[in-house]
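Commentary on secondary and tertiary structure
Below, each chain spelled out in residue letters.
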Amino acid sequence: MFVKVCGLSTPESVREAVEAGADAVGFVLTASPRVVSPAQVTQLVKAVPDGVTAVGVFRTEPAVDAVAIARAAGLSWIQLHGERTPDDVKTAHDAGMKVIRAVTMGAASDAFADWGEELLLIDAAVPGSGEAWDYGSVRAKGLEGRHWLLAGGLDPANVSQAARDAGAWGVDVSSGVEQSRGVKDLAKIRAFVAAAKG
Ligand SMILES: O=C(O)c1ccccc1N[C@@H]1O[C@H](COP(=O)(O)O)[C@@H](O)[C@H]1O
């Protein structure tokens with residue numbers, strides 16, 4: 001099970017996620033209680049070893065802007081939320097970026113097609129809100145064999161069952177490993193990764 005821990009803003013939380021066995025860590029470079037600046041990210045990624053993917057997370061920013069901000073932060077992966085088109089993925093790829101493309105269950109069926117992104121992310125309606133949803137409903141989207149992440153309202157207690165219900169290839173978490181909004185809880189990060197990997 002591929003595990004991404006998102007919304008990290010301190011070296012301690014990055015180290016905890018990495019040592020716990022996370023495959024990817026996310027840095028929110030858009031309006032959020034977890035926002036970090038590109039300059040902060042350049043420091044935080046020093047704790048990310050080779051083999052762990054560091055991702056810059058964006059809401060509805062144009063792909064070209066997300067690419068520029070991620071590049072300034074020294075990142076080579078971006079996560080794009082909001083209404084997107086295949087051109088957004090192409091724009092990122094043409095700039096040498098790898099892409100996690102986020103969709104919600106309410107998106108049009110075409111949005112679940114393979115647009116060439118490295119990973120698809122199926123999230124709650126409001127990203128980063130901690131809102132759980134009917135994870136089993138994603139099975140109707142025909143994602144078998146695809147590399148995709150389940151997100152939205154996951155935590156150490158529900159991740160195992162949620163991933164099973166959804167048939168997820170990987171999982172992504174932010175709110176569920178926090179002690180308060182925007183403040184990560186190191187023990188919860190460790191427990192989440194262990195539960196997801198177990
Ligand atoms: O975490 C944020 O603040 C955020 C802001 C803007 C876009 C995406 C964001 N996070 C993503 O939301 C889910 C996590 O949701 P939850 O908090 O665990 O319910 C995950 O995909 C994050 O990468």
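Since the structure is predicted, the reported quantities are computational estimates derived from the model, not experimental observations.

Concerning the packing of helix α1 (residues 11-20) against helix α6 (residues 186-197)
Running from N to C, α1 and α6 point in directions that differ by 25°, and their axes come no closer than 9 Å. Judged by the angle between their axes, α1 and α6 are roughly parallel. Crossing angle aside, the handedness with which α1 passes α6 is right-handed. On α6, the residues that touch Glu 12, Ser 13, Glu 16, Ala 17 and Ala 20 of α1 are Leu 186, Ile 189, Arg 190, Val 193 and Ala 194. Residue composition of the contact of α1 with α6, by class: 6 nonpolar, 1 polar and 3 charged.

A few points about the environment of Ala 151
With respect to the helices, strands and loops of the structure, Ala 151 is situated in strand β7 (residues 148-151). Here Ala 151 falls in the buried class, since 27 other C-beta atoms lie within 10 Å of it. For the pair formed by Ala 151 and Val 48, sequence separation is 103 residues and the distance between their alpha carbons is 22 Å. Not counting the four nearest positions on each side in its chain, Ala 151 is found in contact with Leu 121, Ile 122, Asp 123, Val 171 and Asp 172.

Things to note about the site of the ligand
In the vicinity of the ligand lie 27 residues, with Cys 6, Ser 32, Pro 127, Gly 128 and Ser 175 positioned nearest. Listing elements by their share of the shell around the ligand, those giving two or more residues are β2 (24-28), β6 (119-123) and β8 (170-173). When the residues that make up the shell around the ligand are grouped by side-chain class, the tally is 9 nonpolar, 14 polar and 4 charged.

Observations regarding the pairing of β2
Most of β2 sits out of view: 5 of its 5 residues are buried. By the alternation rule, side chains of β2 split into Ala 24, Gly 26 and Val 28 and Val 25 and Phe 27, which are all buried. Here strand β1 (residues 2-5) pairs with β2 via 2 bridges, running parallel. The residue bridging Val 5 from the neighbouring strand is Val 25, located in β2. In this fold, β1 hands off to α1, which returns the chain to β2; that crossover is right-handed. Two strands pair when backbone bridges link them, and β2 and strand β3 (residues 53-58) are joined in this way by 5 bridges, in the parallel orientation. When the bridges of β3 are listed, Phe 27 appears paired with Gly 56. Handedness of the crossover joining β2 and β3 through helix α2 (residues 38-44): right-handed.

Some thoughts on helix α4 (residues 86-94)
Turning to α4, its buried residues are Asp 88, Val 89 and Ala 92. Across the axial projection of α4, the buried residues extend over an arc of 100°, all falling on one side. Seen from the open side of α4, the exposed residues pointing more than 90 degrees away from its buried face are Asp 87 and Asp 94. On the buried face of α4, the contacting elements are α3 (63-72), β4 (77-80) and β5 (98-104). Phi turns positive, to about 85°, at Gly 96, one or two residues after α4.

Comments concerning the UniProt feature "domain: N-(5'phosphoribosyl) anthranilate isomerase (PRAI)" (unreviewed entry) in the protein chain
Following the UniProt record, one finds the feature "domain: N-(5'phosphoribosyl) anthranilate isomerase (PRAI)" (unreviewed entry) at residues 3-194. Taken end to end, residues 3-194 comprises 28% helix and 22% strand; its first and last C-alpha atoms sit 10 Å apart.

Some words on the sheet that holds β5
By definition, the strands of a sheet pair up through backbone hydrogen bonds, in either a parallel or an antiparallel sense. Read around the barrel, 8 strands follow the order β1-β2-β3-β4-β5-β6-β7-β8 and close on themselves; strand pairing throughout is parallel. When strand polarity is set aside, the average angle formed by the axes of neighbouring strands in this sheet is 25°. Contacts from α4 reach β4 and β5, with the element oriented near 160° to β5. In this fold α6 packs onto β1 and β8, with an angle of close to 160° to the strand it touches most, β1.

Side note on α1
Within α1, the full set of buried residues consists of Ser 13, Val 14, Glu 16, Ala 17 and Val 18. Summarising the contacts, the buried residues of α1 are in contact with β1, β2, α2, β10 (183-184) and α6. Gly 21 lies just past α1 and shows a positive phi near 110°.

Cut-offs used in this document
- Residues numbered from 1 in each chain as written.
- Predicted model: local features only at pLDDT ≥ 70, side-chain atom pairs only at ≥ 80, totals over all residues.
- Axes fitted to C-alpha atoms, helices over the stretch in contact; angles between N-to-C directions.
- Helix = DSSP H or I, 4+ residues; strand = E, 2+ residues; numbered from the N terminus.
- Parallel < 35°, antiparallel > 145°, perpendicular 65-115°, else oblique.
- Left-handed = near helix turned anticlockwise from the far one by under 90°.
- Contact = placed C-beta atoms within 7 Å.
- Nonpolar A, V, L, I, M, F, W, Y, C, P; charged D, E, K, R; others polar.
- Buried ≥ 20, exposed ≤ 12 C-beta atoms within 10 Å, placed from the backbone.
- Near = placed C-beta within 6 Å.
- Pairing = 2+ DSSP bridges.
- Right-handed = clockwise from strand over helix to strand, strands pointing away.
- Arc of directions from axis to C-beta.
- UniProt positions renumbered as here; feature names shortened; annotations may be inferred.

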